[in-house]
Amino acid sequence: MGIEQAPTKKGKEAARGLRKAATAEERKVETEKGSDLAKGADRFEERSRSSDGKSAGEKQQD
């Protein structure tokens, strides 16, 4: 859920905290890796392949 969609003030604060933590973790990983992480559809494909070596499309055909 996005910050704007959170129904309560506490929910909005939690969403902000989660987004901030995710951004910090992404920066840390990118620094360790030495390059930027893929974004959007490229990232989806990268994460899909890393789990078992198959693309999302190949998994759906099985």
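For the structure given in this document, a descriptive report is provided here. (Residues numbered from 1 in each chain as written. Predicted model: local features only at pLDDT ≥ 70, side-chain atom pairs only at ≥ 80, totals over all residues. Heavy atoms only, no water.)

### Quick word on the overall build of the chain
Cut-off, in case you're wondering: We count a stretch as a helix when DSSP gives it H or I for four or more residues in a row; a strand needs E for two or more, and each element gets its number in order from the N terminus. Here the globule rule is a power law, 2.2 Å times the number of residues to the power 0.38, and the radius of gyration is based on C-alpha atoms. Under the scheme applied here, a residue whose accessible area is under 20% of the maximum for its type counts as buried, over 50% as exposed, and between as partly exposed, the area being computed with a 1.4 Å probe on protein chains only. Contacts are assigned to residue pairs that have any heavy atoms within 4.5 Å of one another. In this tally, Lys and Arg are treated as positive and Asp and Glu as negative; His is ignored, and so are the chain termini. In plain terms, the charge of a residue is placed at NZ if it is Lys, CZ if Arg, CG if Asp and CD if Glu.
Along the chain, the regular secondary structure elements total 3 helices and 0 strands. Written out in order from the N terminus, the α and β elements of the chain read α-α-α. By the compact-globule yardstick of 11 Å for 62 residues, the chain is too spread out, its C-alpha radius of gyration being 16 Å. For the C-alpha atoms alone, the extent of the chain along its principal axes is close to 45 × 30 × 15 Å. Across the 62 residues in the chain, those meeting the buried criterion constitute 15%. Taking all contacts inside the chain whose residues are at least 6 apart in sequence as the whole, residues at least 24 apart take part in 0%. The chain carries 15 positive and 13 negative side-chain charges, and their two centres are separated by 8 Å.

### A word on the side chain of Glu30
Among the structural elements, Glu30 can be located in helix 1 (residues 9-33). Assessed through its relative accessible area of 14%, Glu30 is described here as buried. Every residue in contact with Glu30, bar those within four places of it in the chain, is listed here: Ser35, Asp36, Leu37 and Lys39.

### Quick look at helix 1
Let me state the cut-off plainly: Each helix should span, by expectation, one fewer than its residue count multiplied by 1.5 Å.
Its 25 residues place the ends of helix 1 36 Å apart at the C-alpha level, agreeing with the 36 Å of an ideal helix rising 1.5 Å per residue. Count one or two residues on from helix 1 and you reach Gly34, which has phi positive near 90 degrees.

### Description of the environment of Lys39
When you line up the elements, Lys39 lands in the loop between helix 1 and helix 2 (40-52). When its relative accessible area of 44% is taken as the criterion, Lys39 is described as partly exposed. Expressed as a C-alpha distance, the spacing of Lys39 and Glu25, which sit 14 residues apart in the sequence, is 14 Å. The residues contacting Lys39, other than those within four sequence positions of it, are Glu26 and Glu30.

### Considering the environment of Ala38
Checked against the element boundaries, Ala38 lands in the loop between helix 1 and helix 2. In this view, Ala38 contacts Arg43 and Glu46; residues no more than four positions away in its chain are not counted.

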